[in-house]
Amino acid sequence: MTTTIDMDLPTTAPAAAPPVVPDTKPPAQETPVKIHVRGFDFYYGTTKVLHGITLKIPERQVTALIGPSGCGKSTFIRSINRMNDIIPDAHGEGTVEIDGRDIYATGTDVVALRRRVGMVFQKSNPFPKSIYDNIAYGLRIGGMHNRRELDEVVEKSLVRAALWDEVKDRLHSSALALSGGQQQRVCIARALAVDPEILLMDEPASALDPIATTKIEELIWDLKVNYTIVIVTHNMQQAARVSDRTAFFMLGRLVEYSDTRTVFMNPREKMTEDYVTGRFG
Amino acid sequence: MSNASRRKIISKIAESLCALAVVLALIPLVMILFYVLTHGLTALNLDFFTHTPKPVGEAGGGMANAIVGTLILISIASLLAVPVGMVCGIHLAEYSGSKFTSIVRFAADVLNGVPSIVIGIFAYGIVVLPVKRFSAIAGGFALGLLMLPVVVRTTEELLRLVPQGLREGALALGASRSRAVLTVIVPAALPGILTGILVAIARVAGETAPLLFTSFNNPYWSTKITQPIASLTYQVYVYANSPYDDWRRQAWAGAFLLVMIILTLSIAARLAVRRLERMNRP
């Protein structure tokens, strides 16, 4: 399928030919760096799947990770909250710093880390519990048991995840009775409830229909005011629509990382251009 | 002959073979039920459920004590085997990988294959001999040992079926591993685990060999767990071996009741699962 990327971008440069855009890009904005990855390798057993990834992810912006299947973008995003720890025989080398602290340093409290770094998965995974109990889960394990406080945060989280109006009358029915898009927003609300600083989203809309996808994308726009968001997506238009910066991965290497417009309109690498214009992948 | 019609004929033959196999498998079950029922029907009356056995030579009497005894024995067995077995199963499913877990799994499989009479002798050795008395506890202990590996392996298998996504979802919210297991994974697998437990109970409810020298038997009404206690299987065994027609009829009735208890447990297991799943799923 040919990918058109000009739909939401103001210029009309044809994507197929390398557009001649005058070098007017503003100097890299000085937003603070939230996640700083340096020389990060990752291995499944002896197979090396990430090769020396180095990049800085800015605070309160949306960073999209794109690339063909198997390029390592999911492995990479799962390294940011150490979700890969649960895979036997897998390990990472190099550093991933959040606010200047290496999360792979010995003595890191992984449980505390994952509270700061929320995650939304490709396949929505609400617990087989009520909607309310899903949202309250993270709070309860964090020790909040006051009913009124819980009610408040549950409502706030559902409002932020743009789901409150749809479910406010049935908070205590099973989350599994909801539609796919609603289930995914339950998962987002659940992640927001514990008030993380970073939100990792691993293809959050890939299993959803276009309307549900639009809702999730609008949500991402709203959320970046408060959160640093990293999103893996297979959908190039989605990356173009929602992200401020885009990283292109290929065969476990970071090929190009720049602000989204540059990556799509004026990529430095031939490989990036071929990918974003749909010539392969 | 065209290819399509040949394919249809082969398909029909395969279908009929499957149907035949189903019928063959069902015949023994139906025959057992029918046979047991026709022979025991005359002895199945109210007395059978409410009276204790009459002395030799007197007609009548029932198996009330054995019915209650069997229930007490399987309760003791469940109380011993279910907690231990579930914890073991959780360990195997969630903390596998170490050498210890593979030893535990292997031990459970071996225990599963130990003949029930051997389990009975073992229980005799460690529970009966020290106090020099047959008891319901000893019988329950022997049955519990038989249940244990089934509970362990069912728990393990069902926990493994819980989608990885739920596990990751809980961990991503800052749950520790044990927290995730207790609050998300075990509840998600619980309907299936309960079925497994009921099936294990149904299996040991029909055991006789482990009871021969543990709970022994008791012709009188007794609910004391430190005393010998009657059980349906043992009572059937004694009556079936007797020279009295009345007793043999009662043995058939007892056998029928046993089959019904096991059938009821299996059906209960299915219903329980359906209810729990309705809560779990839309």
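Everything below is about the structure printed above this text.
Presented here is an overview of the structure given in this document. Residue numbers restart at each chain and count upward from 1, following the sequence in its written direction. Whichever chain is written first is A, and whichever ligand is written first is 1; the rest continue in order. For a predicted model such as this one, the threshold for reporting local features is a pLDDT of at least 70, and the threshold for listing and counting side-chain atom pairs is 80 or more; totals across whole chains, interfaces and linings nevertheless cover every residue. Just so you know, side-chain values use all the structure's heavy atoms and leave hydrogens and water out.

**Overview of the packing of helix α7 (residues 164–172) of chain B against helix α8 (residues 177–205) of chain B**
Residue and element names in this part refer to chain B.
Moving on, step 1. For helices, the fitted axis covers only the stretch in contact; all axes are lines through C-alpha atoms, and the angles between them, taken along N-to-C directions, range from 0 to 180 degrees. Secondary structure elements are taken from DSSP: a helix is a run of H or I of four residues or more, a strand is a run of E of two residues or more, and numbering for both begins at the N terminus. Two numbers describe how α7 lies on α8: the axes approach to 9 Å, and their chain directions differ by 140°. By the angle class used here, α7 and α8 are oblique. Seen from above, α7 lies across α8 with right-handed handedness. Contact residues: α7 offers L166, R167, A170 and L171, while α8 offers R177, A180, V184, I185 and A188.
Moving on, step 2. Considering only residue class, the contact of α7 with α8 consists of seven nonpolar, no polar and two charged. Roughly parallel means an angle under 35 degrees; roughly antiparallel, over 145; roughly perpendicular, 65 to 115; everything else is oblique. By convention the crossing between two helices is left-handed if the near helix lies anticlockwise of the far one by an angle smaller than a right angle, and right-handed if it lies clockwise. Any pair of residues with heavy atoms lying within 4.5 Å of one another is described as a contacting pair. As a working rule, the residues Ala, Val, Leu, Ile, Met, Phe, Trp, Tyr, Cys and Pro are called nonpolar, Asp, Glu, Lys and Arg charged, and the rest polar, with Gly in that last group.

**Considering the pairing of strand β3 (residues 62–66) of chain A**
All names here are of chain A.
Moving on, step 1. Throughout this description, buried means an accessible area under 20% of the type-specific maximum (1.4 Å probe, protein chains only), exposed means over 50%, and partly exposed covers the range between. Burial within β3 is extensive, with five of its five residues counted as buried.
Moving on, step 2. The pairing criterion is simple: DSSP has to find at least two bridges between the two strands. Summarising the sheet, β3 and strand β8 (residues 228–232) pair through four bridges and their orientation is parallel. The residue of β8 that forms the bridge with T63 is V230.
Moving on, step 3. Inspection of the sheet shows β3 paired to strand β9 (residues 245–250) by four bridges, in the parallel sense. The residue of β9 that forms the bridge with T63 is R245.

**Focus: the sheet that holds strand β10 (residues 253–259) of chain A**
Residues and elements named next belong to chain A.
Moving on, step 1. Spatial ordering of the open sheet is given by β6-β7-β8-β3-β9-β10, a layout of six strands whose pairing is mixed. Looking at which strands have only one partner, the edges of the open sheet turn out to be β6 (117–120) and β10. The average undirected angle you get between the axes of adjacent strands in this sheet is 15°.
Moving on, step 2. Strands in contact with helix α7 (residues 210–223) are β3, β7 (198–202) and β8; relative to β8, the strand with the most contacts, it is inclined by about 150°.

**Brief notes about helix α3 (residues 131–141) of chain A**
Moving on, step 1. Burial analysis of α3(A) places nine of its eleven residues in the buried class, the great majority of the element.
Moving on, step 2. Of all the residues in α3(A), the buried ones are I131(A), Y132(A), N134(A), I135(A), A136(A), Y137(A), G138(A), L139(A) and I141(A).
Moving on, step 3. Check the buried side of α3(A) and you find it contacts α2 (110–116), α4 (147–160), α5 (164–167) and α6 (180–193) of chain A together with α7 and α8 of chain B.
Moving on, step 4. At the exit of α3(A) stands G143(A), carrying a positive phi of roughly 100°.

**Overview of the nonpolar core**
Moving on, step 1. Only buried residues count toward a nonpolar core, which is a set of Ala, Val, Leu, Ile, Met, Phe, Trp, Tyr and Cys residues joined through side-chain atoms within 4.5 Å. Counting residues in each nonpolar core, the largest one holds 94 residues, and the members touching the most others are I35(A), F76(A) and M147(B).
Moving on, step 2. Residue contacts for F76(A): discarding those within four places in its chain leaves V37(A), L50(A), I53(A), L55(A), L65(A) and F249(A).
Moving on, step 3. Of all hydrophobic cores here, the second largest spans 49 residues; its members include V62(A), A161(A), L171(A) and Y227(A).

**Notes on the pattern of salt bridges**
Moving on, step 1. What counts as a salt bridge is simple: a side-chain nitrogen of Lys or Arg found within 4 Å of a carboxyl oxygen of Asp or Glu. Per the stated rule, a full pass over the model turns up 25 salt bridges over all chains.
Moving on, step 2. The partner of R116(A) in a salt bridge is D99(A), and the shortest N-O contact between them spans 3.0 Å. You can see R116(A) sitting in helix α2 and its partner D99(A) sitting in the loop between β4 (90–98) and β5 (101–102), a full 17 residues away along the chain.
Moving on, step 3. Relative accessible area serves as the criterion here: at 41%, D99(A) is assigned to the partly exposed category.
Moving on, step 4. Salt bridges sharing common partners tie together R105(B), D109(B), R153(B), E156(B), E157(B) and R160(B).

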